[in-house]
Amino acid sequence: MSDALPVPPPKARLLERIPGLIGALSASPFALLMMFGFVAPLLCVVWFGFMPSKTFSLVQTPTLENYETIFNQTYFKSALWSLGLAAVTVVILLVICFPLAFAMAKIFRGAASFITYAIATSLFVSENIRLFGWVIGFMKKGVVGGTLEAWFGLQVDSLLYNIPVIILGMVYVYLPFMLFPLVLGVKMVPDQVREAAFDLGASRWQVFKKIDLPLSMPGVMIGSLLVFVLSVGAISEAKILGGQKVVTIASDIESEFTYAQNWPLGSALSTMFIALTTVVVFFALSRFDLEKLLGKKPAE
Amino acid sequence: MDESAAPILEVANVTKRFGKFTAVNDVSFAIADGEFFTLVGPSGSGKTTLLRMLVGMEKPTTGELRLRGKIVNDLAPNKRPTCMVFQSLALFPHMSVGKNVEFPLAIRGEREGDRRTRAWELLKLLHLDPNRYYDKNVTQCSGGERQRVALARALAYDPDILFFDEPLSALDARLRKTLQKELKDIQRSTKKTFCYVTHSLEEAMVMSDRVAILRSGVIEQIGQPDEIYASPKNAFVAEFMGEVNLLDITVTGGTSAEWDTGRKPLVINLPASLDAGTKRKLLIRPESLRFIAPGESAGNTVPVRILNQFSLGSRIQYHVEVVPGCTLTVERLREERSTATAEALLGWDLADSQILES
Amino acid sequence: MIVTRTQKAGFSLYAGLVLLVFYFPVFCIIVASLSKKRFFSFPYASEDMTFKWYADALNSPQVHDFVGVSLRIASVTALASVTIGFFSALAYARYRWRGRQTFQRLVLLPLFFPQSVLGLALLMWFNFLDVTTAWWTAAIAHTVWIAPITTLIISIQAYGLDESLEEAARDMGATRWQILRKITIPLLLPGMISATCFAVLLSWGNFALSLFTTGADSALPEWLYARMTSGYQPMVPAVGVINVGVAILLVIILFAIVRWSTRKSRTSALSH
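Since the model is a prediction, treat every value here as computed from it, not as a measurement.

Undergrad: Tell me about the overall build of chain C, and please be specific about residues and values.
TA: Looking only at helices and strands, chain C features 11 helices and zero strands. Counting helices and strands in the order they occur from the N terminus, chain C gives α-α-α-α-α-α-α-α-α-α-α. With the principal axes as the frame, chain C shows a C-alpha extent of 75 × 65 × 30 Å. Put simply, chain C has 272 residues, and 44% of those count as buried.

In structure tokens, the structure reads:
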């Protein structure tokens, strides 16, 4: 080995001299993408919300007329529907998925990864197709109706176009988004801690309430949050399964952009919707360190 | 401890199989009320499996477990009057020290005031000042402190038998010695039955009233520490107890035998007579070997070469070579420092040697 | 674990039930795709079974168009999101820099965002830029949402990167670019392949973003949506089944790649 270290080229010396420069550089493609594809469009939306109604140009004097329209009319109805459906979906999914997540994390061994793949596959199939399957199942003379008629002689009308089936659709589409975070959460409960609780006299319900639930809370929060945010912006379930029965906020927004051709109003609605969702997300995310959940080393 | 009283725990012909693998093989023993009983063995000996069966985390494949005469094979852990201190301690990370200790009392539905008083008492018993520790989060406590919290919590359950799964193995030597003494003191003062599992024989000897040595799922020997030390049943137990000398011998006739040193065999005298052709191991403790001065005699002598010597405080340990590849360990008091040079004559008395099976 | 046999059986039953219900729609679609009649009704006799709709679907120039659009979007999205994901994974998991923690939080933001709103926002943005929406604008939209996912996937692997390998190379005079090419990329390759599969699959099945950003072009999910809401057409289930079948196939391939890469890294670690 020669005495002198090889002299690094000048550019490398610059990278060496400024600590953290390479990290920032590496992050820049992503940052640029986000600037262009995420931040800018959202700012665009917010700004458009202040433009005069039914116009298409961004260079006009801002006005609050859209927000007045929103507050004076019944857009709150669709917003409440969306929020309500989302909340119900979260609760139902928590109840359905927790036992399954518990089994996958603690009880099954090989079966757990089979279930994971089986359910993850659904993420790669367009939700429309999966919902369409339910349409075929529940429509008049569909799989369910036809079977009941053929075997039991029951005449069943279409089981579609009502609220329960919309909720079924939402629970169905967003199940993976609750299940996988829950599995991660339950995995965080150390086996020996559970055993110790039993050993100290706790019943199964007491172990669940005092040990399982608190210690898997990060998973519960992430899953609930994810499902809530995604389902509050859901657009397909209500339309495909519910027809005109329920109008969600997302579909209201879409109408403003398509039928009503009122982009500013649609933008104002979107802005309010985004603001609401952001508040919920920030509030919940700030209480939990996602890194700890994913088991990664803490950032320095 | 009243040995004539009925034992508090009886293990009768218990076997545990996992598929083709037998972890515990037809084990039987009994623990008396108020006894400090230890299961010792190397890893893979089945001691942890046995412990888990006693606590209820596993079910025996065959055999019976009896607590105070009642068969408890199928009794769930939360219904047994037993409690375990886990190797990882298994403290509840989301609760404070106080809440951890109170847990078994809260489960039983005791009132908050009573719980707090009892937890306070227990923390004091374990030398943890409640004022400082009660509200402290367990994840912020040191290793030794967490040990005490785990013990306090187990005592709060007020079990008939307290089980310990190698709780001190993660601590440094000094802390371990301190806690060993404290454990023994607490056992004496609370008069509870302790059943302890460890891989360190030294630990077992220090704390226990009786010790059971396990190997590959089978109990090799049970007895009081002194008994086992003085008369190990076989070579495994003898070796498990530390550095001893075990000679491979084949009896040639009567009390005469050949010692297989790897080179040509040496003739030695045995303390007892056996049939010719019997293969055994001869146990000689390091402190029983001595350097023979000219004119002295001993039951057996063998010329050796001193390879190394190590100072062990008040004693000195010598590693000597009989033939290349065959070494012996000798321990003498410092005052007896041998004036021997590299070559010396080593000897031992017949009464100081023991014939063992493998 | 202290779980009794009956408890385990109970959980298995429950899991089986969930999976059954989960795949019920798939069963329905398969059933519908094989029915000869123009309008679907169940049950139908086995004489009325046919593969005609599959043939129609595979031969339909319309379907070909839409598949083509979806494929184009998916491939561009995959390329862009994996490339960007590679660099941001390094920033996320490998390099130490001041903004790292904030960056880690912000990476997740697009994932927690309702896609329909994002799609709409992008539509407006493109309109403002006087850009007509087409398949490539949809690719941008998909990339915005999928880049965080590829970042996370590659990060999981980047967390396990042994710094000393890169440092040793540095010590021997390699430039940063050489290190990247000869050490970092090969080591992260399994993660990048997984990320590519994910990107392709997620883009392929995406509806909400495509709806707003494809403009005159239409991706397959959009075509399906239009058909579904405008009245029953028997070719739709057939297309749906093909879609699901391709997805399952790709998942199996993904699974195989994951297995192969973990085995490979284990043996290469042994050989070091």
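We are not done yet, so read on.
Undergrad: Lay out the packing of helix α6 (residues 135–158) of chain C against helix α8 (residues 176–205) of chain C in plain terms, naming residues and giving numbers.
TA: All names here are of chain C. Two numbers describe how α6 lies on α8: the axes approach to 9 Å, and their chain directions differ by 155 degrees. If you check the angle between α6 and α8, you find them roughly antiparallel. The handedness of the crossing between α6 and α8 comes out as right-handed. Contacts between α6 and α8 pair His142, Ile146, Ile149, Thr150, Ile153, Ile154, Ile156, Gln157 and Ala158 from the former with Leu188, Pro190, Gly191, Met192, Ser194, Ala195, Phe198, Ala199, Leu202 and Ser203 from the latter. Residue classes in the contact of α6 with α8 are distributed as 13 nonpolar, six polar and no charged.

Undergrad: Please set out the nonpolar core residue by residue, giving values where relevant.
TA: Of all hydrophobic cores here, the largest spans 258 residues; its most connected members are Ala101, Val135 and Tyr174 of chain A, Phe163 of chain B together with Ala121 of chain C. If you tally residues by element for this core, the top one is helix α8 (residues 163–187) of chain A, at 17 residues. When residues no more than four places from it in sequence are discounted, the contact partners of Ala101 of chain A are Leu179, Leu182, Val183 and Val186 of chain A.

Undergrad: Got a sec to walk through the domain arrangement of chain B? Specific residues and values, please.
TA: For chain B, the assigned domains read domain 1 (9–233) and domain 2 (243–356). For domain 1 of chain B and domain 2 of chain B, the distance between their C-alpha centroids amounts to 41 Å.

Undergrad: Break down the sheet that holds strand β6 (residues 82–85) of chain B for me, citing the residues and quoting the values.
TA: All names here are of chain B. Across the sheet, which stays open at both edges, the six strands sit in the order β6-β7-β8-β3-β9-β10 with mixed pairing between neighbours. With one partner strand each, in any of the chains shown, β6 and β10 (218–223) form the two edges of the open sheet. For this sheet the average axis-to-axis angle between neighbouring strands, irrespective of direction, equals 20 degrees.

Undergrad: Residues and numbers for the environment of Leu51 of chain B, please.
TA: Residues and elements named next belong to chain B. If you trace the backbone, Leu51 turns up in helix α1 (residues 47–55). Between the alpha carbons of Leu51 and Met84 there is a distance of 9.0 Å; along the sequence they are 33 residues apart. Setting aside anything within four residues of it in sequence, one finds Leu51 in contact with Leu39, Phe163, Asp165 and Val197.

Undergrad: Outline the pairing of strand β8 (residues 193–198) of chain B, listing residues and values.
TA: Residues and elements named next belong to chain B. Most of β8 sits inside the fold, with six of its six residues counted as buried. Relative to β8, strand β3 (residues 36–40) runs parallel, the two being bridged by five bridges. Note on β8: the bridge partner recorded for Phe37 is Cys195. Remark: the strand β7 (residues 161–165)/helix α6 (residues 173–190)/β8 crossover connection has right-handed handedness.

Conventions and cut-offs
- Throughout this description, residue numbers start from 1 for each chain and increase along the sequence as written.
- As a convention, the first chain written is A and the first ligand written is 1, with the rest following in written order.
- Residues qualify for local features only when their pLDDT is at least 70, as the model is predicted, and side-chain atom pairs are given and counted only at 80 or more; totals for whole chains, interfaces and linings, by contrast, use all residues.
- Only runs of H or I of at least four residues qualify as helices and only runs of E of at least two qualify as strands under DSSP, and these elements are numbered from the N terminus.
- Any residue with 12 or fewer other C-beta atoms within 10 Å of its own C-beta is exposed, any with 20 or more is buried, and the rest are partly exposed; the C-beta atoms used are placed from the backbone.
- Note on method: axes are straight lines fitted to C-alpha atoms, helices fitted across the in-contact stretch only, with angles between N-to-C directions ranging 0 to 180 degrees.
- Any angle that is under 35 degrees is reported as roughly parallel, and any over 145 degrees as roughly antiparallel; angles of 65 to 115 degrees are reported as roughly perpendicular and all others as oblique.
- Here a crossing is called left-handed whenever its near helix is offset anticlockwise from the far helix by less than a right angle, and right-handed whenever the offset is clockwise.
- By definition, residue pairs are in contact when their C-beta atoms, positioned from the backbone, come within 7 Å.
- Under the convention adopted here, Pro, Cys and the residues Ala, Val, Leu, Ile, Met, Phe, Trp and Tyr are nonpolar, Asp, Glu, Lys and Arg are charged, and Gly plus all remaining residues are polar.
- Residues of type Ala, Val, Leu, Ile, Met, Phe, Trp, Tyr and Cys that are buried and joined through C-beta atoms within 7 Å form what is called a nonpolar core.
- Each domain span listed reflects an automatic or database assignment of domains.
- When DSSP finds two or more bridges between two strands, those strands count as paired.
- A crossover gets the label right-handed when its path from the first strand over the helix to the second runs clockwise, viewed with the strands pointing away from the viewer.

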